[in-house]
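A look at the structure
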Amino acid sequence: MEKRVTFRGWWLPLLLIAPQVFISAVFFFYPAGQAIWQSLFIPDPFGLSSQFVGLGNFEFLLSDKFYRGSFVTTAVFSILVTLCSMVPALFLAVMADRLIKGSGVYRTLLIWPYAVAPAVAGVLWLFMFNTRVGVISWYLGQLGYDWNHVLNGGEAMGLVVVASAWGRISYNFLFFFAALQSIPRSVIEAAAIDGARFWRRFWTIVLPLLSPTTFFLLVVNVVYAFFETFGVIHTITSGGPQQSTTVLVYKVFSDGFVGQDLGSSSAQSVILLILVGLLTVIQFKYIEKRVHY
Amino acid sequence: MAKERHGMVEKRGAGLWLTHVFMILGVLVIFFPIWLAFVASTVTQADIVRPPMPVWPGDQFWINYKNALFSGVNVPVATMLFNSFVMAIGIAVGKIIISLLSAFAIVYFRFPGRNIFFWMIFLTLMLPVEVRIVPTFEVVASFGMLNSYSGLIFPLIASATATFLFRQFFLTIPDELAEAARVDGARPMRFFWDIVVPMSRTNVAALFVILFIYGWNQYLWPLLITTDPEMNTIVMGIKQMFPTGDDFAHWPTIMATSILAMIPPVIVVVGMQRLFIRGLVDSEK
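Our subject in this report is the structure included herewith. Everything quoted here is computed from the prediction, not taken from an experiment. (Residues numbered from 1 in each chain as written. Chains lettered and ligands numbered in written order. Predicted model: local features only at pLDDT ≥ 70, side-chain atom pairs only at ≥ 80, totals over all residues. Heavy atoms only, no water.)

Thoughts on the overall build of chain B
The number of helices and strands found in chain B is 16 helices and zero strands. Oriented by its inertia axes, the alpha-carbon framework of chain B measures out at about 75 × 75 × 30 Å. The buried share of chain B, taken over its 285 residues, is 55%. The long-range fraction of contacts in chain B, counting pairs at least 24 apart against all pairs at least 6 apart in sequence, stands at 73%. Per element, the accessible surface of chain B, about 12,400 Å² overall, is 67% carbon and sulfur. The distance from the centre of the 19 positive side-chain charges to the centre of the 17 negative ones in chain B is 10 Å. (Helix = DSSP H or I, 4+ residues; strand = E, 2+ residues; numbered from the N terminus. Buried < 20%, exposed > 50% of the residue type's maximum accessible area, 1.4 Å probe, protein only. Contact = heavy atoms within 4.5 Å. Areas by Shrake-Rupley, 256 points an atom, 1.4 Å probe, with all protein chains shown as cover. Lys, Arg positive; Asp, Glu negative; His and termini not counted. Charge placed at Lys NZ, Arg CZ, Asp CG, Glu CD.)

What to know about the overall build of chain A
In terms of helices and strands, chain A carries 13 helices and two strands. For chain A, the C-alpha atoms occupy an extent of roughly 75 × 75 × 30 Å along the three principal directions. Burial statistics for chain A: of 293 residues in total, 54% are counted as buried. Considering only contacts in chain A between residues 6 or more positions apart, those separated by 24 or more positions represent 68%. For chain A, the exposed area adds up to about 13,600 Å²; of that, 68% sits on carbon and sulfur atoms.

Section: unusual backbone geometry
All names here are of chain A. Positioned with a positive phi, Ser-238 is a non-glycine residue whose angle comes to about 50 degrees. Structurally, Ser-238 can be placed in the loop between α11 (230–236) and α12 (248–258). Here Gln-242, not a glycine, exhibits a phi torsion of approximately 45 degrees, which is positive. Mapped onto the elements, Gln-242 comes out in the loop between α11 and α12. Classification of Gln-242 as exposed rests on a relative accessible area of 74%.

Topic: the interface of chain B and chain A
Taken together, the contacts link 114 residues of chain B with 104 residues of chain A. For the pair chain B and chain A, the number of links is zero salt bridges. Linking chain B to chain A there are 13 residue pairs in polar contact (both at pLDDT 80 or more). Tallying contributions element by element places helix α2 (residues 13–40) of chain B first for the side of chain B that touches chain A, with 17 residues. (Salt bridge = Lys/Arg side-chain N within 4 Å of Asp/Glu carboxyl O. Polar contact = N/O pair within 3.5 Å; in protein donor to acceptor, adjacent residues only side chain to side chain.)

Some thoughts on the pattern of salt bridges
Tallied over the full model, the rule gives four salt bridges over all chains. In this structure, Asp-97 of chain A engages Arg-185 of chain A in a salt bridge whose closest nitrogen and oxygen atoms are separated by 3.4 Å. With a gap of 88 residues between them, Asp-97 of chain A in helix α3 (residues 65–98) and Arg-185 of chain A in helix α9 (residues 185–193) connect regions that are remote in the sequence. Overall, Asp-97 of chain A belongs to the buried group, its relative accessible area being 12%. For Glu-179 of chain B, the salt bridge goes to Arg-182 of chain B, with nearest N and O atoms at 3.9 Å. With a gap of three residues between them, Glu-179 of chain B and Arg-182 of chain B both fall in helix α10 (residues 175–183), about one helical turn apart. For Arg-182 of chain B, a relative accessible area of 34% gives the class partly exposed.

What to know about the nonpolar core
In this structure, Phe-77 and Phe-127 of chain A together with Ile-234, Met-255 and Phe-276 of chain B are the most contacted members of the largest nonpolar core, which totals 148 residues. The element contributing the most residues to this core is helix α8 (residues 153–181) of chain A, with 16 residues. Discounting chain neighbours no more than four positions away, the residues touching Phe-276 of chain B are Ile-111, Tyr-114 and Leu-174 of chain A together with Val-209, Ile-210 and Val-269 of chain B. Grouped together as the second largest cluster of nonpolar side chains are 37 residues, Phe-109, Phe-170, Ala-178 and Phe-192 of chain B included. (Core = buried A, V, L, I, M, F, W, Y, C linked by side-chain atoms within 4.5 Å.)

A word on the packing of aromatic side chains
Each aromatic ring pair is summarised here by two numbers: the centre-to-centre distance and the angle between the ring planes. Enumeration over the complete set of coordinates arrives at 51 aromatic pairs over all chains. Between the aromatic rings of Phe-28 of chain A and Phe-29 of chain A, the centroid separation amounts to 4.8 Å while the plane-to-plane angle is 80 degrees, which identifies the pairing as edge-to-face. Between Phe-91 of chain A and Phe-22 of chain B the ring centres are 5.2 Å apart and the planes differ by 85 degrees, which places this aromatic pair in the edge-to-face class. A residue pair is termed interchain when its members come from two chains, as with Phe-91 of chain A in helix α3 and Phe-22 of chain B in helix α2. Residue Phe-91 of chain A is classed as partly exposed on the basis of its relative accessible area, which comes to 31%. Relative accessible area serves as the criterion here: at 33%, Phe-22 of chain B is assigned to the partly exposed category. These aromatic residues form a ring-pair network of at least three members: Phe-7 of chain A together with Phe-104, Tyr-108, Phe-109, Phe-191, Phe-192 and Trp-193 of chain B. Against the face of Phe-198 of chain A rests Arg-98 of chain A, its NZ or CZ located 4.3 Å from the ring centre. Over the ring of Tyr-171 of chain A we find Arg-168 of chain A, and its NZ or CZ is 4.0 Å from the ring centre. (Phe/Tyr/Trp six-rings, centres within 6.5 Å; stacked < 30°, edge-to-face > 60°. Lys NZ or Arg CZ within 6 Å of the ring centre and 35° of its normal.)

Focus on the packing of helix α6 (residues 118–129) of chain A against α8 of chain A
Residues and elements named next belong to chain A. Between α6 and α8, the shortest axis-to-axis distance is 9 Å and the interhelical angle comes to 135 degrees. With respect to α8, the axis of α6 lies oblique. Between α6 and α8 the crossing geometry is right-handed. Across the interface between the two elements, Ala-121, Leu-124, Trp-125 and Phe-129 from α6 touch Leu-159, Val-162, Ala-163 and Trp-166 from α8. Tallied by class, residues from the contact of α6 with α8 come to eight nonpolar, no polar and no charged. (Axes fitted to C-alpha atoms, helices over the stretch in contact; angles between N-to-C directions. Parallel < 35°, antiparallel > 145°, perpendicular 65-115°, else oblique. Left-handed = near helix turned anticlockwise from the far one by under 90°. Nonpolar A, V, L, I, M, F, W, Y, C, P; charged D, E, K, R; others polar.)

If you want it as structure tokens, here you go:
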């Protein structure tokens, strides 16, 4: 789409666009280029010189069992976060949609966690499951279950998943609720008159009508789980125990800043860059589809 | 039978009560972590280290919050709150200004390189700061911007979402307005200030809500570039309050800080709910 009416001149628009182009170039394109460049080198241990290795860093990464393990961890983590945040959100949205009065009050209460930063959410959940003072871990202890996410990788994963999904429930709820409200009443009523019960109506009519929203939320939540959960993982587990919660973004951080392995960290950045690109393409493909829908 | 079916659509009677029960349970479960943090911020350390901790607030509210705000652990929390405000408002205002300007240029002018610049901005949509942390850190360090507000703000305002939002909106402004302005001999910037900016008010406000929360909740970036505790933001500073090694963390102070860290974004989200939801839906489109 283009404007028919435009203003003349070329130096004014260049001036107007300059701040954004400048900031993008300095803090975006240059660092991204650096990441690609550095991914082709291995610096010596003293950082004095570096040796060109071509795709050596990538070859090493793809054969490294820790890096491949991190891929699997990321996949498991993203799937679980997406499920744990979408299913309760859909349930709550369906319930709120049944109400004529009062859904606004519930909505106001349910959107709170969205405002809580992932890192703060991490601290809240860490507090509840802390091995020495946590309330929930204490009650689990009373029931005879010895909770210890510091040593047990599975429990650590469970905890970071729940802490990451918690704030997203609010987000998903808002989108599901809006989508449910936009389904015409007449469609639901017609099915009811035909004798379809609530859950039958839900599976056969409501859920299919929600599919564009569901697909959109799937993509957005996977992107969230990939890139925005660093704060949760850093506050709760720092990637441990034994790397059981080291997702890809966490590994870029720990190899680059803690381990000072710039070549590998840059190569990982480039791999992530490709992944983001793919996810973005999927998102845009979907948006194109939605226009026709 | 007919009556029952009717009841299921109109939601009356037992079904309605059950729905309310589910909603209340859902709200309680979702609220529980926040409630527990609040309780922990009103009791003594001794109450917490002998589990189970109490479930109702104690009488240490003022002491704990005063202690957190004015002494803190490494640095008073009041300082971190101030830093977070500067960062969040800087990011929100900065992004809005540069995006309004560039979207105006892209929509209302035909100039050399327009398409190249458009795609350049478009590409920045695709790369969150988490992915390019090491080289971006090096750039900021080489500018001497570590431990500074400009270092906290500028690398995070390079994003295209706001530009696209304004572009979409400007395209819906009727051509007649620009036509009239041109016939009247109004300069482009006059049209921008008198027509475009006032018409974008709601979009600007909705975007401000989203960007404020985005900026406030940043974690990784401030963690990397603020090595001086005086420059810590509150969201990243909480983790720094945990002792290394085997010491007990001072939970009442940490939980008071967590509550303080969530108050500003919660006020923004709940207080400006309409704008927030609009901003959310717009910026995801």
